[in-house]
Amino acid sequence: MELGKALYQDLPDVGTVVDDPAIAAQAFHEIAWVSVEKLAVLALDVKHRVLSMRVISSGTATETCGHPRDIFRWLIQVGGTRCIVAHNHPSGSLEPSGEDLHLTRQLLKAGKVLGIPVLDHLIVSGGEYSSIRQSTCLWTDSD
């Protein structure tokens, strides 16, 4: 039933304003259902409108390796001035791991240096998502 709903879910178009994690989660629909971990990034303009989405890395059933330089290199190439990062958990768990939190900290620091804010880091699985921004204090700690 969930898979059927997912196939007909409206995905945000280029130009859609992303002002809620639920809207961002829709953009990462393609990685939410796969059996290996994937890391993806949503490039946004200064008004939080979708420019593009790209899968940065694919891994195994339990991990993927993504580096901030790969994310920000692509963001700069497409003219992104804001971003939202997401990865899937094939296990179905929406809890961030220690590695997820470590990557988020790295991205927040790199984004600050480059002037490309990371607005959120989502974990997606099936039809569900979790916002690391909403569930931790990493964004307030990095100020």
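Scroll up to find the structure this text is about.
Rules behind the numbers
- Residues numbered from 1 in each chain as written.
- Predicted model: local features only at pLDDT ≥ 70, side-chain atom pairs only at ≥ 80, totals over all residues.
- Heavy atoms only, no water.
- Salt bridge = Lys/Arg side-chain N within 4 Å of Asp/Glu carboxyl O.
- Helix = DSSP H or I, 4+ residues; strand = E, 2+ residues; numbered from the N terminus.
- Buried < 20%, exposed > 50% of the residue type's maximum accessible area, 1.4 Å probe, protein only.
- Core = buried A, V, L, I, M, F, W, Y, C linked by side-chain atoms within 4.5 Å.
- Contact = heavy atoms within 4.5 Å.
- Pairing = 2+ DSSP bridges.
- Axes fitted to C-alpha atoms, helices over the stretch in contact; angles between N-to-C directions.
- Right-handed = clockwise from strand over helix to strand, strands pointing away.

Colleague: Please clarify how the pattern of salt bridges should be interpreted in this entry.
Modeller: Once their charged atoms are close, side chains differing in charge can pair, the charge on each being opposite to the other. On inspection of all chains with the given rule, the structure shows two salt bridges. With its nearest N and O atoms 2.6 Å apart, the salt bridge here joins Asp 45 to Arg 49. In this structure, Asp 70 engages Arg 73 in a salt bridge whose closest nitrogen and oxygen atoms are separated by 3.2 Å. With Asp 70 and Arg 73 both in helix α4 (residues 68-78) and three residues apart, the pair spans about one turn of that helix. The class for Asp 70 is partly exposed, based on a relative accessible area of 27%.

Colleague: Please explain the environment of Ser 93 as it appears in this structure.
Modeller: Topologically, Ser 93 is positioned in the loop between β3 (82-88) and α5 (98-114). When its relative accessible area of 30% is taken as the criterion, Ser 93 is described as partly exposed. Counting along the chain gives 30 residues from Ser 93 to Ile 123, while the straight-line C-alpha distance between them is 8.6 Å.

Colleague: Any chance you could explain the nonpolar core here in plain terms?
Modeller: Here is a general trend for soluble globular proteins: nonpolar side chains tend to be buried in one another's company. Within the largest apolar cluster, 20 residues are counted, with the highest numbers of intra-cluster contacts made by Val 41, Phe 72, Leu 75, Val 85, Leu 107 and Val 118. Contributing elements (two or more residues each) for this core: β1 (38-44), α4, β3, α5, β4 (118-125) and α7 (138-141). It is α5 that contributes the most residues to this core, five residues altogether. Contacts of Val 118, omitting those with residues within four sequence positions, involve Phe 72, Cys 83, Val 85, Leu 107, Leu 108, Arg 133 and Trp 139.

Colleague: Help me understand the sheet that holds β4 in this model?
Modeller: Strand pairing in a sheet takes place through backbone hydrogen bonds and is either antiparallel or parallel in direction. Taken in spatial order, the five strands make up an open sheet running β2-β1-β3-β4-β5, and their pairing is mixed. The open sheet has two edge strands, β2 (50-58) and β5 (128-131), and neither has a second partner. Direction aside, neighbouring strands of the sheet carry axes that sit 25° apart on average. Here β1 pairs with β3 via six bridges, running antiparallel.

Colleague: How should the pairing of β4 be read in this particular structure?
Modeller: A regular strand carries its side chains on alternate faces of the sheet. With eight of eight residues buried, β4 lies mostly within the body of the structure. At this point the chain moves from β3, through α5, to the parallel β4, and the crossover so formed is right-handed. Connecting β4 to the antiparallel partner β5 that follows it, the hairpin turn spans two residues, and Gly 126 within it adopts a positive phi of roughly 60°.

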